[in-house]
Amino acid sequence: MAFLSNFPKAALQIQLKSAGARCFASTTTQSSKSKKTLAKPNVRNVVLVEGVRTPFLMSGTDYKDLMPHNLATKTLSGLLKRTGVDKDVIDYVVYGTVIQEVKTSNIAREAMLSAGFKDTTPAHTVTQACISSNQAITTAIGLIAAGQCEAVVAGGVEFMSDVPIRHSRKMRKIMLDSSKAKTTGKKLQLLWKAMSPAVWTPELPAVAEFSTSETMGHSADRLCTAFGITRLAQDEFAMRSHKFAADAIQAGLLTDVLPYKVPKVAEYITKDNGVRPSSLEQMSKLKPAFIKPFGTITAANASFLTDGASACLLMSEEKALSLGLKPKAYLRDFVYVSQDPKDQLLLGPAYATPKVLDKAGLSLADIDVFEYHEAFAGQILANLTALESDEFAKKFLGKSAK
Amino acid sequence: MAGRFVGVFRQISTVNRSLARVSGDHGLKNFFSTTARMDFGKYLTYTVKDGIAVAKFDEKDAKVNLLVKFDEKDAKVNTLNRGTMAEFQEVYKEITNNPNVKGMVVISGKADCFIAGADINMISDCKNVQEATALSRNGQDMFNNLENMKIPVVAAINGSCLGGGLETALACHYRIAVNSKKTSMGVPEVMLGLLPGAGGTQRLLKLLPFQTAMPMMLTGKAYNAKSGKKIGLVDHVVEPIGVGIKSANENTMEELEREAILTAKGLADGTIKKPVRSKKGLNKYIDMFASSRLGNIFWEKGVKDAVMKQTKGKYPAPLRIIEVAKTGAQQGPRAGYEAEAKAFGELAMTPESKALVGLFNGQTALKKNKFGKPEREVKTLGMLGAGLMGAGIAQVSIDKGIDVILKDVTTQGLSRGEDQIIKGLDTKVQRKKITSFEKDQVLTHLEPTINYEHFSKCDIIVEAVFEDLKLKHKVVREVEQKIPEHCIFASNTSALPITSIAEASIRPDKFIGMHYFSPVDKMQLLEIITTDKTSQDTAASAVSVGLKQGKVVIVVKDGPGFYTTRILAPTLSEAVRALQEGVSPSKLDSLTRGFGWPVGVATLADEVGIDVAAHVAEDLGKAFGERFGGGNINVLRDMVTAGFLGRKSGKGVYLYQSKSKKRPENTEAKAILDRYKLDPKPGNTDEDVQYRLASRFINEAVMCLQEGILANPMEGDIGAVFGLGFPPFLGGPFRYIDLHGAKQLVDRMKKYHDWYGVAFEPCQLLLDHAKDPSKKFHTR
């Protein structure tokens, strides 16, 4: 997870994508104390100038007929318009995405060309499951810190309305061979092979780990059980997230959202459509989505599959100041962690939080706001339970106590 | 694992006493609250949670739960059982009469074992058919009581649920099982020459289709949770939980218990319905037919013929299983249970069952490393030679996480070997033993090479180069330059004395023999050979490597042919003599298979390789002289010269065509045999041919014990059965003598001695046993 320090309120909405995309943040506020200076000697200060995003819609709703780069294009052009920064200033573009549209496999490049950026500006796309767009941001930080670039746009895009569904391996082989088959006999042979029903069964992209074949929701449900997170606790936490999001929308705090015009849809899209505060009673009626019938994760306490895109502008501090731009945040440090893909797949925050704090020389008391983006309410609660536990700290973090 | 099975609870009296204290409804309103909990006795704990009684098997001080464990000193098994039964019934009455108990969960306190069965010794201790039959009846009654409980009973299964364990689960009304590799549900009694005697034969056939239930009982096939759900053995699968604040095992067991309680509650209040398992489609009609008199064709043609074909009628247990299952299906449960108890009692007293139980006990005993823990763990194995053997040894090593440096002389040889390994692992993927991802991880442990570059990392070297002493000496000298001080050198040879190979070594204390059997990934036996100079720690290391590879390991002293090759050689020699006397190869095969060998001896010679057989016959002939004579050694020599090396060369005693399964006899080999034709002795019967082979085999085994090549009879039995295919129902050469008497064998040998001379001279130890029938090789 990327870690943003000296950045007081949860205003930067960088979409963290995973196959099951999410848009709920858990925000914990601590009492503010005096700030330490986190500037590092001999390392350039990297600043966040601005961030924008499209509204996040449930997949299969209003965005469904678009292509993914359409959404990314909107954020790229919108970012320049909002900041007034000239396209010549942008040295590089980097995007994160999880499930790739094969036609636009380097979607960063396709989107920035559509957005009217200079065709001499290089761009690349990164992927690292749920944290792909954070990987894009930290790639940008690295480029600036290393003196390679002065201004980089980093973003993320995911489009679950149209995931690539493939022909079966057998069918693909027949199709590839058919171009080489010259004689009628060979062609008939291929045709005969294509008669089998198995050949016609398509391959859906599984929201599953290759190594364990387990889907994320399944893993999350098991994680909740492992940490004793009840259904009720999950529902309550999900309700809280929905309420905060709804309040923020109501109060007009989500200034990063750009209105989106979908062709043939009468109204402009201006709001996330998955924020739906409900009642515990309503939520308790839902059946578990993954582990049936005794699982605890339901559609109500998990985030929805999402379409959306985001972009942010990062610069070296000197560059931003020379252009007269006011940095919104200083990006100080980050850390990535990995664990057992089977039983600790979704336990990253529990490992990353203490690690990044230690790295930056900070303690819990120094932080005003933590923001975690995860797909399941129960997952956040499991991570918080782990962080609350001395046992866990001793066993897995190599610390004497939490 | 063939295992442990049927029986009855022992500590029931304590259950009853404690139950009296389970009363009142305090705390029932609290979800999951414990209203009463008491630890009583050694075997069971009992709790009432949220109106559901949770009976937890958790035998203290034991790794596995046994359904029943009787005190060996306890002679009055029968009466004790009746007393236990009576008390057990009271427990059920108590639970049924307690209005606060709405359901019951049967679960284990151990994460990797539900109930592994009953203590085998309990059956071995039965003195007669009546005692064993009574054991079965008691088990049946107990499980009938369980099944007849008015409240829903849920079995919550994680880990091994075998034999009596599965019978317990079958008597419950609903089964939930954890989807883990450790969960294994089956009735392996047939492998011990028995049948599931606590209602298993009846309940399995009632629950599952004929076509699933019969193979399960007849082969001992076990199912995991998911496949069990598919066939209808399991009603609900519980996903294993990972580590949290608590360990993965604790979390999984808690979740299993939670879901079991919810299930029991659901069944009690009607929110969960017991799935009505209507047998569908073809199965429905097969089952209908099988349970009518008209269906005899299924039992006779479908099942019995298949069993007879495989067992030649040598194993009574599968035949009795068919009989008992058929009785239940056609004449109803009362007759079925009666037949089951009777058959169980009779089977328990058969020599076949005693032989198989002996093998099982031996196998279990050999899982321990008698040399103790080696000073350092073997992490890297250097494998010299990527042939059939070398690649096989590499495969079983990487499979268990040992790093293997596989060296061959040529890249072609190496590539062939690696292909063999990949193919072997792919088969495991196809059978869903591992995932293709796990296969990739396993293969990462393999480092194929044609030089000695990384051999400095090796903890053990296993050489499987060509069987030539000079070549082996050269390899030893070469490799010892490249390996670290602590590294063990093991030679995989089937006949060359380890002491001779070790002469080239500068550290004979680190030198040892590891004799694998081909195909290595299928043959269970590993014969380890120590010389006078081999150190204890070297032996400990080699045994621990073998155990890690999943082998059944016996350790023998060095000598010509060690143990296994030495006892096989005179048998093969006798086989050649029989061929010279005009017995055709297929006739010889059918005679030996008829005796109970899984592979006919003529086929065996082709599988081993005629060249190898010739080599061994020559070497051992030199070492042991005339006693190892029999067939003319020139028969084998001429066959080798003619290129008839056995299956590997396409021609041996038989002809092997690439695509056809048919193996016609090799007429050219027949021509060679004709050149060395002998007249059969007058009066020589088919049975004589069988016993000529077997008696030489057995006599040589006993001689190995007499000379101290073998440490004990048990390892001799295991080696003969698992390495050479000695008929398992005879239990090995030593068990055979114990069960069938030495005298009859010695008498036969006297007759053959008159015919053929010294080859049939019984050894002293065998004569001693013939003279005094009270002498036994095995105490149990």
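Here the structure is a predicted model, which is why all the values come from computation and not from measurement.

How each quantity is defined
Residues numbered from 1 in each chain as written. Chains lettered and ligands numbered in written order. Predicted model: local features only at pLDDT ≥ 70, side-chain atom pairs only at ≥ 80, totals over all residues. Heavy atoms only, no water. Helix = DSSP H or I, 4+ residues; strand = E, 2+ residues; numbered from the N terminus. Buried < 20%, exposed > 50% of the residue type's maximum accessible area, 1.4 Å probe, protein only. Contact = heavy atoms within 4.5 Å. Areas by Shrake-Rupley, 256 points an atom, 1.4 Å probe, with all protein chains shown as cover. Lys, Arg positive; Asp, Glu negative; His and termini not counted. Charge placed at Lys NZ, Arg CZ, Asp CG, Glu CD. UniProt positions renumbered as here; feature names shortened; annotations may be inferred. Patch = residues over 30% accessible without salt bridge, like charges linked within 9 Å, V, L, I, M, F, W, Y side chains within 5 Å. Salt bridge = Lys/Arg side-chain N within 4 Å of Asp/Glu carboxyl O. Pairing = 2+ DSSP bridges. Right-handed = clockwise from strand over helix to strand, strands pointing away. pLDDT = per-residue confidence, 0-100. Buried area = accessible area lost by both parts, 1.4 Å probe. Polar contact = N/O pair within 3.5 Å; in protein donor to acceptor, adjacent residues only side chain to side chain. Nonpolar A, V, L, I, M, F, W, Y, C, P; charged D, E, K, R; others polar. Expected span 1.5 Å × (residues − 1). Disulfide = S-S within 2.5 Å. Axes fitted to C-alpha atoms, helices over the stretch in contact; angles between N-to-C directions. Parallel < 35°, antiparallel > 145°, perpendicular 65-115°, else oblique. Left-handed = near helix turned anticlockwise from the far one by under 90°. Phe/Tyr/Trp six-rings, centres within 6.5 Å; stacked < 30°, edge-to-face > 60°. Lys NZ or Arg CZ within 6 Å of the ring centre and 35° of its normal.

Engineer: Summarise the overall build of chain A; cite the residues concerned and give the values.
Structural biologist: Along the backbone of chain A there are 13 helices and 11 strands. Burial statistics for chain A: of 402 residues in total, 50% are counted as buried. Considering only contacts within chain A whose residues lie at least 6 apart along the sequence, 80% involve residues at least 24 apart. Carbon and sulfur atoms provide 57% of the accessible area of chain A, an area that totals close to 19,200 Å². One finds the centroid of the 49 positive side-chain charges in chain A at a distance of 5 Å from the centroid of its 38 negative side-chain charges.

Engineer: An account of the side chain of B:Gln330 is needed here, citing residue identities and associated values.
Structural biologist: Residues and elements named next belong to chain B. Relative to the helices and strands, Gln330 resides in helix H12 (residues 316-331). A relative accessible area of 16% means that Gln330 is categorised as buried. Setting aside anything within four residues of it in sequence, one finds Gln330 in contact with Ala290, Ser291, Ser292, Arg293, Asn296 and Trp299.

Engineer: Could you give an account of the UniProt feature "domain: Thiolase C-terminal" (unreviewed entry) in chain A, naming the residues involved and the relevant values?
Structural biologist: Following the UniProt record, the feature "domain: Thiolase C-terminal" (unreviewed entry) maps to residues 325-391 of chain A here. Along residues 325-391 of chain A, the helical share is 40% and the strand share 15%, with 47 Å between the first and last C-alpha atoms.

Engineer: Talk me through a nonpolar patch on the surface; I want residue IDs and the actual numbers.
Structural biologist: All names here are of chain A. Taken together, Leu188, Leu191, Trp192 and Met195 make up a surface patch of nonpolar side chains, about 520 Å² in accessible area. Of note, Met195 is situated in the loop between helix H5 (184-193) and helix H6 (197-200). Residue class for Met195 comes out exposed when judged on its relative accessible area of 55%.

Engineer: Let's hear about the pairing of strand E5 (residues 92-96) of chain A: which residues, and what values?
Structural biologist: All names here are of chain A. E5 sits mainly inside the fold: 5 of its 5 residues count as buried. Burial along E5 is two-sided: Tyr92, Val94 and Gly96 facing one way and Val93 and Tyr95 facing the other are all buried. Examined bridge by bridge, E5 and strand E7 (residues 151-159) share 5 bridges and lie parallel to one another. Its bridge partner being in E7, Tyr92 is matched across the sheet by Val152. Here E5 pairs with strand E6 (residues 123-126) via 4 bridges, running parallel. In the strand pairing of E6, Gly96 is matched with Val126. Taking the sense of rotation as the criterion, the β-α-β connection linking E5, helix H2 (residues 107-114) and E6 turns out right-handed.

Engineer: Outline the confidence of the model for chain B, supporting the account with residue identities and numerical values.
Structural biologist: Residues and elements named next belong to chain B. Taken residue by residue, chain B gives an average pLDDT of 87. The fraction at 70 or more is 89%. In this model, residues 1-42 is a region of pLDDT below 50 whose contacts with residues beyond four sequence positions or in other chains number 130 contacts. pLDDT under 50 marks residues 68-84. Its contacts with residues more than four places away, or in other chains, come to 30 contacts. Per the prediction output, this complex has pTM 0.86; the corresponding ipTM is 0.85.

Engineer: Give a description of the interface of chain A and chain B that names residues and reports values.
Structural biologist: Counting residues at the interface gives 20 residues for chain A, matched by 18 residues for chain B. The junction of chain A with chain B conceals about 1,500 Å² of combined surface from both sides, 67% of it contributed by carbon and sulfur atoms. At the junction of chain A with chain B, the criterion picks out 0 salt bridges. In this structure, the connection of chain A to chain B is made through 4 residue pairs in polar contact (both at pLDDT 80 or more). Along the lines of polarity and charge, the residues of the side of chain A that touches chain B split into 9 nonpolar, 6 polar and 5 charged.

Engineer: Kindly report on helix H12 (residues 377-388) of chain A, identifying the contributing residues and their values.
Structural biologist: Note: α-helices contain 3.6 residues per turn, so residues at a spacing of three or four share the same orientation. With 12 residues, H12(A) should cover 16 Å at 1.5 Å per step; its first-to-last C-alpha distance of 17 Å lies within 8% of that length. Of all the residues in H12(A), the buried ones are A:Ala377, A:Gly378, A:Gln379, A:Ile380, A:Leu381, A:Ala382, A:Asn383 and A:Ala386.

Engineer: Can you break down the state of the cysteines residue by residue, with the values?
Structural biologist: Covalently bonding the sulfur atom of one cysteine to the sulfur atom of another cysteine gives a disulfide. Residue and element names in this part refer to chain A. Applying the stated criterion across every chain, the model contains 0 disulfides over all chains. For the unlinked cysteine Cys224, the closest cysteine sulfur is that of Cys130, found at 15 Å. When its relative accessible area of 0% is taken as the criterion, Cys224 is described as buried.

Engineer: Can you tell me about the pattern of salt bridges, naming the residues and giving the values?
Structural biologist: Applying the stated criterion across every chain, the model contains 55 salt bridges over all chains. A:Asp177 is the partner of A:Lys173 in a salt bridge, and the nearest nitrogen-oxygen pair spans 3.7 Å. Separated by 4 residues within a single helix, A:Lys173 and A:Asp177 lie in helix H4 (residues 169-178), roughly one turn from each other. Residues B:Glu463 and B:Lys472 are paired through a salt bridge, measuring 3.0 Å at the closest nitrogen-oxygen approach. Taken as a pair, B:Glu463 and B:Lys472 share a single burial class, namely buried. The structure contains a network of salt bridges with shared partners spanning B:Glu574, B:Arg577, B:Glu581, B:Arg692 and B:Arg696.

Engineer: Give me the lowdown on the packing of helix H6 (residues 200-207) of chain B against helix H7 (residues 210-219) of chain B, citing residues and values where you can.
Structural biologist: All names here are of chain B. As a packed pair, H6 and H7 sit with axes 8 Å apart at the nearest point and diverge in direction by 150 degrees. One way to sum up the angle between H6 and H7 is to call them roughly antiparallel. The two elements H6 and H7 meet at a crossing, and its hand is right-handed. Contacts between H6 and H7 involve Gly200, Thr201, Leu204 and Leu205 from the first element and Phe210, Ala213, Met214, Met216 and Met217 from the second.

Engineer: Can you break down unusual backbone geometry residue by residue, with the values?
Structural biologist: A negative phi angle characterises most non-glycine residues, just as the trans form characterises most peptide bonds. A cis amide bond links A:Lys292 with the next residue in sequence, A:Pro293, at an omega value of 0 degrees. Structurally, the position occupied by A:Pro293 is in the loop between helix H9 (280-284) and strand E8 (306-316). Residues B:Ser518 and B:Pro519 are joined by a peptide bond in cis, for which omega reads -5 degrees. Inspection of the secondary structure puts B:Pro519 in the loop between strand E16 (511-516) and strand E17 (525-530). Although it is not a glycine, B:Lys312 sits at a positive phi angle of roughly 55 degrees. For B:Lys312, the location among the structural elements is in the loop between helix H11 (296-311) and H12.

Engineer: I'd like a description of a positive patch on the surface, backed by residues and values.
Structural biologist: Taken together, the side chains of B:Lys221, B:Lys423, B:Arg431, B:Lys433 and B:Lys522 make up a positively charged region of the molecular surface. Topologically, B:Lys433 is positioned in the loop between helix H16 (411-430) and helix H17 (436-443).

Engineer: Outline H12(B), listing residues and values.
Structural biologist: All names here are of chain B. The terminal C-alpha atoms of H12 lie 22 Å apart, and with 16 residues this matches the ideal 22 Å at 1.5 Å per residue to within 8%. When H12 is considered as a whole, its buried residues turn out to be Ala317, Pro318, Arg320, Ile321, Ile322, Val324, Ala325, Lys326, Thr327, Gly328 and Gln330. Against H6, H7, helix H10 (281-290), H11 and helix H13 (333-348) lie the buried residues of H12. With its phi angle positive at about 95 degrees, Gly332 sits one or two positions after the end of H12.

Engineer: Can you explain the packing of aromatic side chains? Please cite residues and give values.
Structural biologist: In this structure the tally under the stated criterion is 23 aromatic pairs over all chains. When the ring of A:Phe334 is compared with that of A:Tyr336, the centres are 5.9 Å apart and the planes differ by 75 degrees; the resulting orientation is edge-to-face. Taking the relative accessible area as the measure of exposure, A:Phe334 reaches 26% and is therefore partly exposed. Arranged with centres 6.1 Å apart and planes meeting at 85 degrees, the rings of B:Trp755 and B:Tyr756 form a pair that is edge-to-face. Like B:Trp755, the residue B:Tyr756 is buried in the burial classification. An aromatic cluster is defined as three or more aromatic residues linked by ring pairs; in this entry it consists of A:Phe227, A:Tyr351, A:Phe392 and A:Phe396. Positioned above the aromatic ring of A:Tyr268 is the side chain of A:Lys261, whose terminal nitrogen or guanidinium carbon lies 5.9 Å from the ring centre. The ring of A:Phe334 carries A:Lys359 above its face, with NZ or CZ at 6.0 Å from the centroid.

Engineer: Requested: an account of the sheet that holds strand E5 (residues 113-115) of chain B, with residues and values cited.
Structural biologist: Residues and elements named next belong to chain B. Reading across the sheet, the 3 strands line up as E5-E7-E9 and stay open at both edges, with parallel pairing between neighbours. The strands lining the two open edges of the sheet, one partner per strand, are E5 and strand E9 (184-186). Going from strand to strand, the sheet's axes swing by 10 degrees on average, the running direction of each strand aside. Here 2 bridges tie E5 to strand E7 (residues 160-162), and the two strands are oriented parallel to one another. Bridging across to E7, Ile115 finds its partner in Cys161.

Engineer: Tell me about the UniProt feature "domain: Thiolase N-terminal" (unreviewed entry) in chain A, residues and numbers included.
Structural biologist: Listed under "domain: Thiolase N-terminal" (unreviewed entry) in the UniProt record, and renumbered for this structure, are residues 46-318 of chain A. Segment residues 46-318 of chain A splits into 37% helix and 14% strand. End C-alpha atoms: 9 Å apart.

Engineer: How would you sum up the sheet that holds strand E13 (residues 446-449) of chain B? Please name residues and give values.
Structural biologist: All names here are of chain B. Spatial ordering of the open sheet is given by E13-E12-E11-E14-E15-E16-E17-E18, a layout of 8 strands whose pairing is mixed. Of all the strands in the sheet, just E13 and strand E18 (552-557) have a single pairing partner and so form its edges. Across the sheet, the axes of successive neighbouring strands diverge by a mean angle of 25 degrees, strand direction being ignored. In this sheet, strand E15 (residues 488-491) lies alongside strand E14 (residues 460-463) in parallel orientation, the contact comprising 4 bridges. Paired with Glu463 across the bridge in E15 is Ser491. Strands in contact with H16 are strand E12 (403-407) and E13; relative to E13, the strand with the most contacts, it is inclined by about 160 degrees.

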